[in-house]
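Okay, here's what each chain looks like letter by letter:
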Amino acid sequence: MPKLNKETGKFTRIKIPIEMKKQIIEKRENGVSVIKLAREYNRTTSTICSILKDKEKLKALTVSKGVSRRSEKRSQVIDDVERLLLIWINEKQQQGGNITQCSICEKAKRIFNDIVEDLPSSSTSTEVFKASNGWFERFKKRTGIYNVIRHGEGAGGSNVKAANDFVKIFNDLVHTGGYLPQQIFSCNETGLFWKKISNIACLTAEQKHPQHPKSMKDRLTLLLCANASGDLKIKPLLVDQSDNSKPFKSNKVQNLPLNVMWRSRKKALITRDTFVDWIRHTFCPSVKTYLLENNLPLHALLVMDNAPCHPQNLQDLLPEEFKFIRVQFLPCTATPLLQPIDHQVKSNFKKLYMKELFQHCFDATEGTSLSLEEFWKHHFHVVTCIKIIGKAWNGVTARTLNAGWKKLWTDVECSESAHISTSREPTVDELVSLASCLGLDIENKDIEDLLAEHLEDPSTEELKELQKAEGQEIASEVVEKRSPPSTEDILQVLQAWDTVSSYVIQHHPDEAVALQLNDAYEANAISHFRCILQQRQNLFTNPKS
């Protein structure tokens, strides 16, 4: 559809992105008329019909955001690069990472090289992708990522300002809602490279110290959660990539309660469905039981970031008995500064994990002919890891958990258990010393590397898994939207329609027009729901024998 350019006085054609064309096709297939589509997208009916004519061809295309047409110059590989790049940008934004043109272009080139390596040698042998300034400007224009690109030191200042603004909002929310430290919770994910620890720990002082790069297969993902007073630590969610239940069978723990809620998923990523499952079956029941046992009102607040696995409509997904729990999201730009679980809780937990791990190694090998390497190979598995995780999480002190809230909640009070606690987390030097007593060649830099937070740059393989997970979540949401409405909802809608209909007929200046429009809407829309309600009432009054 041409549009007049006020500066040049000429008409320019506005191209329709392929993703928008797919939306039009999907809505038409769901029953939306061509006229309504033309009005919604501000296009002529002939344009809409042209799009629908090529629907099979358009539905088969997979392109990056903002692309209006597929040309011979633009390959499928570039489309794949840009789709994965958008996921990477979203991940970095959620983590509060600094996103610049240089970092975007470098990541784009790495993704391209990874994709090309997985293709047959003849597929893209002559294709070159330089991630040039011209490509970047077109990519930025198509995707609208202007607001996430940061320049110089200004980004840090904006983060601090966003954090300070949210601190005021949050403290007002706490004061107005009358929340106590026992009633406010925070959760966040972290990675645990448990197998890499075993690789390093197998090195004795006589062996050469090689490099052991982190890989996805070495990683578990943990979701940690506790309240602000530090006296309630929720059972963690643990996701790993292994679906082998053999360790559980051999250790006879299949029917026994675990220290974590364990789930298996390829690439060990927490998805939306997994997170909601943990919320419904672990977090909510634990919070309700805790509040009742401590004679506290059923009134709670859950604070978390905007990670892709945290659905924005989580409040609506809570079962009715847990509607007393309110969800509060942290602003994306301020999450690294304010997230309570990030402030020493994760690193202290990992220190305790390593301490328990080294102690377990000593107990398992001391006084036996079993070498440390043999222990790792034949006796260290996910069940052992889960037990150690449970001990480490129990060892995180209330003082540590409480102190994590200081930047977000200025008036938070420390619990009594935090004041009287005599336990403390081990230092890096203590862990190195303990490892040396076991004959292990571990240095301070090894410990610090293992304690590093999971802000590692996601690999292309991880981005593909995230893309797949997002697609599955969208598909499940579509199914949910098409599920039959409840009888209660239909009754409420019909009651509301009757009220609106009567009001319009009574107050519209042209009663004949009002009656005509009401009759048309009743016949084309409302009658559908009246029919459903009537069928259900008939089924109830005349059930089949």
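Residues numbered from 1 in each chain as written. Predicted model: local features only at pLDDT ≥ 70, side-chain atom pairs only at ≥ 80, totals over all residues. Heavy atoms only, no water.

Draft legend 1. View of the packing of aromatic side chains. A full pass over the atoms with the stated rule returns 9 aromatic pairs. Note on Phe112 and Phe129: the rings are 5.4 Å apart at their centroids and 40° apart in plane angle, and the pair reads as tilted. Of the two residues, Phe112 is situated in helix 6 (residues 101-117) and Phe129 in the loop between helix 6 and helix 7 (133-143); the sequence distance between them amounts to 17 residues. On the basis of relative accessible area, Phe129 is assigned to the buried category, the value being 13%. Here Phe349 and Trp393 contribute two aromatic rings whose centre-to-centre distance is 6.2 Å and whose plane-to-plane angle is 80°, an arrangement assigned as edge-to-face. A residue pair is termed long-range when its members are at least 10 positions apart, and Phe349 in helix 14 (residues 345-365) and Trp393 in helix 16 (residues 382-395) qualify at 44 residues. Each member of the pair, Phe349 together with Trp393, is buried. An aromatic cluster of three or more residues is present, and its members are Phe112, Phe129, Trp135 and Phe139. (Phe/Tyr/Trp six-rings, centres within 6.5 Å; stacked < 30°, edge-to-face > 60°. Helix = DSSP H or I, 4+ residues; strand = E, 2+ residues; numbered from the N terminus. Buried < 20%, exposed > 50% of the residue type's maximum accessible area, 1.4 Å probe, protein only.)

Draft legend 2. Looking closely at unusual backbone geometry. The backbone of Ala131 sits at a positive phi, close to 50°, despite the residue not being glycine. Mapped onto the elements of the fold, Ala131 is located in the loop between helix 6 and helix 7. What makes Ala131 buried here is its relative accessible area of 8%. Phi at Asn295 takes a positive value of approximately 55°, unusual for a residue other than glycine.

Draft legend 3. Broad picture of the pairing of strand 3 (residues 184-193). Across the 10 residues of strand 3, 10 count as buried, placing the element largely inside the fold. The two faces of strand 3 match: Ile184, Ser186, Asn188, Thr190 and Leu192 on one face and Phe185, Cys187, Glu189, Gly191 and Phe193 on the other face are all buried. Relative to strand 7 (residues 300-304), strand 3 runs parallel, the two sharing 3 bridges. Bridging across to strand 7, Phe185 finds its partner in Leu302. Alignment of strand 3 against strand 4 (residues 219-227), held across 9 bridges, turns out to be antiparallel. Opposite Leu192, over in strand 4, you have Leu220 as the bridge partner. (Pairing = 2+ DSSP bridges.)

Draft legend 4. Focus on the confidence of the model for the protein. Here the protein shows a mean pLDDT of 76. Residues at 70 or above account for 72%. Of the regions scoring below 50 in pLDDT, residues 203-216 engages in 28 contacts with residues more than four places distant in sequence or in other chains. Overall, residues 473-482 carries pLDDT values under 50, and its contacts beyond four positions in sequence, including any with other chains, amount to 5 contacts. (pLDDT = per-residue confidence, 0-100. Contact = heavy atoms within 4.5 Å.)

Draft legend 5. Main features of the sheet that holds strand 4. The 6 strands lie next to each other as 6-5-4-3-7-8, forming an open sheet whose pairing is mixed. Looking at which strands have only one partner, the edges of the open sheet turn out to be strand 6 (261-264) and strand 8 (325-329). Here the strands of the sheet are splayed against their neighbours by 20° on average, with no regard to which way each runs. Relative to strand 6, strand 5 (residues 237-240) runs parallel, the two being bridged by 4 bridges. Within strand 6, the position partnered with Val239 by the bridge is Arg263. Here helix 14 sits on the sheet in contact with strand 3 and strand 4, set at roughly 50° to strand 3. (Axes fitted to C-alpha atoms, helices over the stretch in contact; angles between N-to-C directions.)

Draft legend 6. Local environment of helix 3 (residues 45-53). Within the span of helix 3, buried status applies to Ile48, Ile51 and Leu52. Buried residues along helix 3 cover an arc of 95° about the axis, so they all sit on one side. If you follow the buried residues of helix 3, they end up packed against helix 1 (18-29), helix 2 (34-40) and helix 4 (55-59). (Arc of directions from axis to C-beta.)

Draft legend 7. Spotlight on the packing of helix 6 against helix 7. Running from N to C, helix 6 and helix 7 point in directions that differ by 100°, and their axes come no closer than 11 Å. By the angle class used here, helix 6 and helix 7 are roughly perpendicular. Contacts between helix 6 and helix 7 involve Gln101, Ile104, Cys105 and Ala108 from the former and Asn133, Trp135, Phe136 and Phe139 from the latter. (Parallel < 35°, antiparallel > 145°, perpendicular 65-115°, else oblique.)

Draft legend 8. Highlighting the environment of Ile89. Its place among the elements puts Ile89 in helix 5 (residues 76-95). Residues Ile89 and Lys107, spaced 18 residues apart in sequence, show a C-alpha to C-alpha distance of 9.6 Å.

Draft legend 9. Examining the packing of helix 14 against helix 16 more closely. One can describe the packing of helix 14 onto helix 16 by two numbers: an axis separation of 8 Å at closest approach and a directional angle of 130°. Accordingly, the angle class assigned to the pair helix 14 and helix 16 is oblique. In the packing of helix 14 onto helix 16, the handedness of the crossing is right-handed. The residues of helix 16 that touch helix 14, namely those facing Val345, Phe349, Leu352, Tyr353, Glu356, Leu357 and His360, are Thr384, Cys385, Ile388, Ile389, Lys391, Ala392, Trp393 and Gly395. Residues belonging to the contact of helix 14 with helix 16 are distributed by class as follows: 10 nonpolar, 3 polar and 2 charged. (Left-handed = near helix turned anticlockwise from the far one by under 90°. Nonpolar A, V, L, I, M, F, W, Y, C, P; charged D, E, K, R; others polar.)

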